[in-house]
Amino acid sequence: MQTLLTSTQMRLADEFTIANKPIASIDLMETAARAFVKVFLRNEFDTNKSVAIFCGKGNNGGDGLAIAHLLLNNGYENIKVYVINFSKKKSADFAINLQRLDESRCKKVVIDRATDFKNIKADIIIDAILGSGLNKALEGEYAELVKQINNLNKKVYSVDVPTGFFAEGRLTADYNGIVAYKTICFQRPKISFFFPESKLATKSYEVVEIGLDEDFVQKQESEFYLVEKKDIEKILKPRENFSHKGTYGHALIIAGNSNTMGAALLSSMACLHTGAGLTTACIPQSGLIALNATLPEVMALPRDEYTRIENPTKYQAIAIGPGLGISAEHERLLESLFAANLPLIIDADALNILSERPDLIEKIPEQSILTPHMKEFDRLFGEHSNWWDRLQTAKNQSVRLKIVIVLKNQYTFVCSPNGKVYINPTGNPAMAQGGMGDVLTGIIAAFVAQKYSSLNAAILACFVHGQTGDQLADDKFVVTASQVAKEISGVIKTMVP
Ligand SMILES: NC(=O)C1=CN([C@@H]2O[C@H](COP(=O)(O)OP(=O)(O)OC[C@H]3O[C@@H](n4cnc5c(N)ncnc54)[C@H](OP(=O)(O)O)[C@@H]3O)[C@@H](O)[C@H]2O)[C@@H](O)CC1
Ligand SMILES: Nc1ncnc2c1ncn2[C@@H]1O[C@H](COP(=O)(O)OP(=O)(O)O)[C@@H](O)[C@H]1O
């Protein structure tokens, strides 16, 4: 897992590295600038293009000055630096790099007022005005300048973080910072990049190593971790010699209704392909033919209005909700399962039933896994106007109820009862189609059946679900839920030891 750091912690890592490694502050800045330029040149190899570099007077601006120098040395002839002189203060490394630049042949203009700023002819803009030192929203001259830069409609590369964008904390819809084409950020992604609101600030981001002490960075106390493939490879267990279907658990999927049988089929199919030893689908009578015809490996437990799950302990995992439908019978079914006090996987309509019964929320068995998307989450725990607040609620509720909340999104947040948030990096917009969540539920059920802890099952499931979608999207515009369900097994095979 990559530990994600706040801006303050990044500054500490910077100080620690300078104090403990044989590298001076100005050289660390040079390393950061080099790392930026490497990615920049890979994206923009036509050195005939003209580049305007906007530099504030802090360390972000210092990076910008060093970048100007490096681009000149890499064949870019048409570079112009705009020094934003709105503040008297300047950082020491900015001052050193400004002197170096003055001694070079680089063109430089000082902007004292946003009104000094004339139409810029450059093909590309590099934004190094303000970085992670941002301490309040942009206003006055800065806001005006940024507005004018955005109005140029040029391709903007931001250094470390778009000017005006908070690297962590609440993001609002009235964002007035730089709109970047790409942000090349240092050592770790910014926590804010994982929130949907970040699309207002940058189309994409790329992280570059700048030589900060990795050990120090990794050991920082954090609430946020980014899951990596190597974590998944560590958690996944191989199929053992002499194992049999009983070894890998029995999963029960309570799902589907007359018009939503597909949800039950998708969950069951995903459960099957993720390796549960046995899968039973608890579906209405009307779905039996469909189930038998499409998923012969799955057993059926016909569901009617009087259905109770006899002996729930015979299942190692019970998932409830996809396409279930909301009714008094289903409410009673959910309540009776809660009474058995076994951890459940709770999705879709089972979540919607809970949002009508706040008293039942208090009775969710510990270690259960809830898989809400944004709307289901807000129905359960109240409206949120931004994702930061929503995630704080998810974190608090996971701790309070001792459950795992899988808050689904492009980057899904897995919130654990220990207060940590594990961010899933896989998945893509080709997966934005109905049924994809049903597949995720089936995958989680299969991992729980195979005796992974609730937290590990959720982390594993989100990763392989997204990874399968990513692989399929290589040559597809859209990826369907059944395609993902069928391909999971192949993807797991590439990651299992
Ligand atoms: N840490 C690392 O690992 C490394 C970091 N590096 C680089 O350093 C960057 C961080 O640099 P930094 O700390 O000097 O701050 P930066 O963003 O340049 O801001 C400067 C000053 O602007 C001001 N200011 C803030 N908000 C404002 C507002 N809304 N409107 C107006 N003014 C505002 C504020 O001054 P104050 O308000 O306190 O007077 C602040 O001090 C980082 O993004 C990366 O590029 C690399 O070089 C090497 C490794
Ligand atoms: N743009 C996207 N990028 C990555 N994953 C996505 C994207 N859109 C949807 N997904 C994934 O697909 C699933 C959608 O779940 P959900 O909204 O419950 O779907 P449904 O109810 O239709 O089955 C989630 O796991 C989500 O992470």
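Residues numbered from 1 in each chain as written. Chains lettered and ligands numbered in written order. Predicted model: local features only at pLDDT ≥ 70, side-chain atom pairs only at ≥ 80, totals over all residues.

Quick question: what am I supposed to make of the overall build of the chain here?
In terms of regular secondary structure, the chain is built from 17 helices and 18 strands. The dimensions of the chain, computed from C-alpha atoms along their principal axes, are 85 × 45 × 40 Å. In the chain, which comprises 497 residues, the proportion classed as buried is 48%. Pairs at least 24 residues apart make up 75% of the contacts formed inside the chain by residues separated by at least 6 positions. (Helix = DSSP H or I, 4+ residues; strand = E, 2+ residues; numbered from the N terminus. Buried ≥ 20, exposed ≤ 12 C-beta atoms within 10 Å, placed from the backbone. Contact = placed C-beta atoms within 7 Å.)

I would appreciate a short explanation of the sheet that holds strand β8 (residues 205–208) in the present structure.
What links the strands of a sheet is backbone hydrogen bonding, and the strands pair in either a parallel or an antiparallel sense. One open sheet holds the seven strands; their spatial order is β4-β3-β2-β5-β6-β7-β8, and the pairing between them is parallel. The open sheet has two free edges, formed respectively by β4 (107–111) and β8, since each of these has just one partner strand. Direction aside, neighbouring strands of the sheet carry axes that sit 20° apart on average. Note that strand β2 (residues 51–55) and strand β5 (residues 124–128) share five bridges and pair parallel. By the bridge assignment, Ile53 is partnered in β5 with Ile126. The strands touched by helix α3 (residues 59–73) are β2, β3 (79–84), β5 and β6 (155–159); relative to β2, the strand with the most contacts, the crossing angle is about 155°. (Pairing = 2+ DSSP bridges. Axes fitted to C-alpha atoms, helices over the stretch in contact; angles between N-to-C directions.)

Where do I start with the site of ligand 1 in this structure?
Around ligand 1, the structure places 31 residues, and the nearest of them are Gly58, Asn59, Asn60, Gly131 and Gly133. Looking at the shell around ligand 1, the elements with two or more residues in it are α1 (7–20), α2 (25–43) and α3. Looking at the shell around ligand 1 residue by residue, the classes come out as 14 nonpolar, 11 polar and six charged. (Near = placed C-beta within 6 Å. Nonpolar A, V, L, I, M, F, W, Y, C, P; charged D, E, K, R; others polar.)

Is there a simple way to think about the domain arrangement of the chain in this case?
Often, the extent of an interface is quoted as the loss of accessible area on bringing the components together. By the assigned domains, the chain splits into domain 1 (2–219) and domain 2 (229–495). Domain 1 and domain 2 are separated by 41 Å when their C-alpha centres are compared. On the domain 2 side, the residues contacting the eight residues of domain 1 number eight residues. (Domains from an automatic or database assignment.)

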